[in-house]
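# A structural walkthrough
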Amino acid sequence: MSAVFQSIKPRPAPVKTEGFVPWIRSNLFGDLRSSAVTLLIIALAAYVLPDLVRWAVLNAVVVTNAETCQAARGTGACWGVVVEKFRLIIFGRYPYEAQWRPQVATILLVALLVVSCIRAFWKPWLAVLWVAVVPAFFVLMGGGLFGLEAVTTDQWGGLPLTIMLATFGIVLAYPISIVVALGRRSDLPAIRSLCIVYIELIRGVPLISVLFMASFLFPLFMPVGKSPDVLLRVLVGITLFSAAYLAEVVRGGLQAIPKGQIEAAQSLGLTYWQTQRKIVLPQALAMVVPGIMNSFIAIFKDTSLVTIVSLYELTGALSLALNSDADWRPFKIEGYLFITLIYFVFCFSMSRYSLWIEHQLGRSKTR
Amino acid sequence: MAEHIITFDKVNKWYGNNFHVLRDIDLAVKPGERIVICGPSGSGKSTLIRCINRLEEHQEGHIIVDGVELTDDIKAIEKVRREVGMVFQQFNLFPHLTVLENLTLSPMWVGKTPKKDAVERAMQQLTRVKIAEQANKYPLQLSGGQQQRVAIARALCLTPKIMLFDEPTSALDPEMIKEVLDVMVELANQGITMLCVTHEMGFAKAVADRVIFMDEGQIVEQNTPHEFFDNPKSDRTKDFLSKILGH
């Protein structure tokens, strides 16, 4: 007698756990509280979004005609202002015919920065690239060589100036901050006091005062006509200011290194500088990447303050572009939204890069 | 060539102004001698050996290591540190470097050894402590006992004349103590000068030429392990031994 085949009852398919609908179910309506929050946010969006979309897209004017814009005022955005004033916003007062130069220079500089951020390119030739690109940037911007017409630094402006100030501010402030942070923990009283005075002095004043001093006060103490270029003075001001803040971030990392690490390095015969370079700094800096990137992003945004000493970087260039033209002045909001987007792209990229760095450095700690 | 490789002459040390941690320490260590230092917590035994490679400064008296007197002269200190290896209670491996990099760091930067030779020597030392297969891992990926063996190998990479052990097994789980002690016993049998702060009395009996008992910053008693354990002289030693051997 052989066994008779008996089929079991059909069972329902398992509940889907992947895909769009299940994701919504588990993440947005997981329990009562999250469902309530989700509904609240949907309601809020339903209240705000239609008007926003109507203003920014549906009723928006993109033609470069001030009268059309004026007619749509209050109901639709006037993106035409960005088109009309694009070159003035992006390049500031830089001579119109020569604006290809800051364009090329900035593309070169940004490309250099991107390349420098990629681990595969951390080779000796990268230093050579910096040595080549940085002078090229200044030659293109300033001219006066190779038949390029000279453009004085007070005419530099817009996005190239923003990127230039941020880049060199960061690149110069970072090493200074490390030295100052080490100095503040030094055993030598003179060096320690000097670093403390520097940090506390800078932290005690706003960046605006530093810029004012660099721009207006400093030349008073110099022989007439002998004062260094205003842009250089401002760059030094930004660098010294940022370095003081960065130094405290770095010091936080230095303090987190266990004493045993330094003792182990000493017992192996390493000198002070070898210990700092090979043992302390690699660990300390890795620990404070979020804080360091915070400062870098702050530097990028703080460059907008140089407007007050008549250097028209991106924010300043926008004011310049619109204030001087009564027809377009009413459409400042659209202009500011446009440069907001530019600032956001740069700051968000820096923020994401910081996360990537953290991930890279975290590898040795994990099992 | 001096007869003694380490000499302490009336050494006094204070922490701050009032804590007198080392009191009139006189000590002479012959090359190849293996010394175990024991004593209650706070007796100054760790401070004593940390003075030998000047992780701690003494305020009075003289310390001479391998013919070099320890003073503020940084060059002299670096010279001494090259001859003295140290193993810590908390291992103190460098977590951002691989095991191999931990070992080659000092030979390459202090000893100016070419990388190829440094790696070769490091692998020899790792083989010696039976952990060569872990060379490319990071310290935190290893067990405590493995980490401490790496630390011993690292200290050996500069081919020191003197090895200092500061409670090397105190931070280890019981089952890992043996693997570290085995390495230390093997090392002791190879004739290197060793000073070891430890409460592993079995280790002291097995390898020490001399056991030193410290209390309140003084060397209270020193003797061969046999005499020290079977025939302690001072009451403080007896009291200490009854506590650690009493169960």
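Residues numbered from 1 in each chain as written. Chains lettered and ligands numbered in written order. Predicted model: local features only at pLDDT ≥ 70, side-chain atom pairs only at ≥ 80, totals over all residues. Heavy atoms only, no water.

## A few points about the layout of surface pockets
Any empty space left between atoms is shown by rolling a water-sized probe over those atoms. Approximately 2100 Å³ is the volume found for the largest pocket. Lining the largest pocket are 50 residues, and of these A:Ser116, A:Trp122, A:Tyr174, A:Tyr353 and A:Ile357 lie nearest its centre. Secondary-structure elements contributing two or more residues to the lining of the largest pocket are helix 6 (100-117), helix 7 (124-142), helix 8 (158-184), helix 13 (272-287), helix 14 (289-302) and helix 16 (332-361) of chain A together with helix 3 (99-109) and helix 4 (115-128) of chain B. Of all the elements, helix 16 of chain A adds the most residues to the lining of the largest pocket, at nine residues. (1 Å grid on protein atoms, 1.4 Å probe; cavity = no way out; pocket = protein on both sides within 12 Å on 5 of 7 lines; lining within 4 Å. Points joined across faces, edges and corners; volume = space filled by probe spheres on them. Helix = DSSP H or I, 4+ residues; strand = E, 2+ residues; numbered from the N terminus.)

## Here we look at the interface of chain B and chain A
Contacts between the two partners involve 25 residues from chain B and, on the opposite side, 21 residues from chain A. At the boundary of chain B with chain A, total buried surface from both sides reaches about 2100 Å², with 61% on carbon and sulfur atoms. Our count for the contact surface shared by chain B and chain A stands at one salt bridge. A salt bridge links B:Arg50 to A:Glu263, with the nearest nitrogen and oxygen atoms 2.6 Å apart. Between the two partners, chain B and chain A, sit seven residue pairs in polar contact (both at pLDDT 80 or more). With three residues, helix 3 of chain B is the largest single contributor of residues to the side of chain B that touches chain A. Residue composition of the side of chain B that touches chain A, by class: 15 nonpolar, five polar and five charged. (Contact = heavy atoms within 4.5 Å. Buried area = accessible area lost by both parts, 1.4 Å probe. Salt bridge = Lys/Arg side-chain N within 4 Å of Asp/Glu carboxyl O. Polar contact = N/O pair within 3.5 Å; in protein donor to acceptor, adjacent residues only side chain to side chain. Nonpolar A, V, L, I, M, F, W, Y, C, P; charged D, E, K, R; others polar.)

## Considering the sheet that holds strand 1 (residues 6-15) of chain B
Residue and element names in this part refer to chain B. Read across the open sheet, the four strands follow the order 2-1-4-5; overall the sheet is antiparallel. Every interior strand has two partners, whereas the edge strands, strand 2 (19-29) and strand 5 (68-69), have only one. When strand 4 (residues 60-65) meets strand 5, the two strands line up antiparallel, connected through two bridges. Across the sheet, residue Ile64 finds its bridge partner in strand 5, namely Glu69. Sheet contacts for helix 1 (residues 45-52): strand 1, strand 2 and strand 4; angle to strand 1, the most-contacted strand, approximately 120°. (Pairing = 2+ DSSP bridges. Axes fitted to C-alpha atoms, helices over the stretch in contact; angles between N-to-C directions.)

## Quick word on empty space enclosed by the protein
Residue and element names in this part refer to chain B. One pass over the full model with this rule turns up two cavities of 30 Å³ or more. Considering only enclosed or pocket space, the largest cavity measures out at about 50 Å³ in volume. Around the largest cavity sit Arg128, Val129, Ile152, Leu156, Val183, Glu186, Leu187 and Gln190, which together line it. Of all the elements in the fold, those that place two or more residues in the lining of the largest cavity are helix 5 (144-156) and helix 6 (174-188). Element by element, the count of residues in the lining of the largest cavity is highest for helix 6, at three residues. A breakdown of the residues in the lining of the largest cavity according to their chemical character gives five nonpolar, one polar and two charged. Considering only enclosed or pocket space, the second largest cavity measures out at about 30 Å³ in volume. Around the second largest cavity sit Arg34, Ile35, Val36, Ala188, Met194, Cys196, Phe203, Val207 and Ala208, which together line it.

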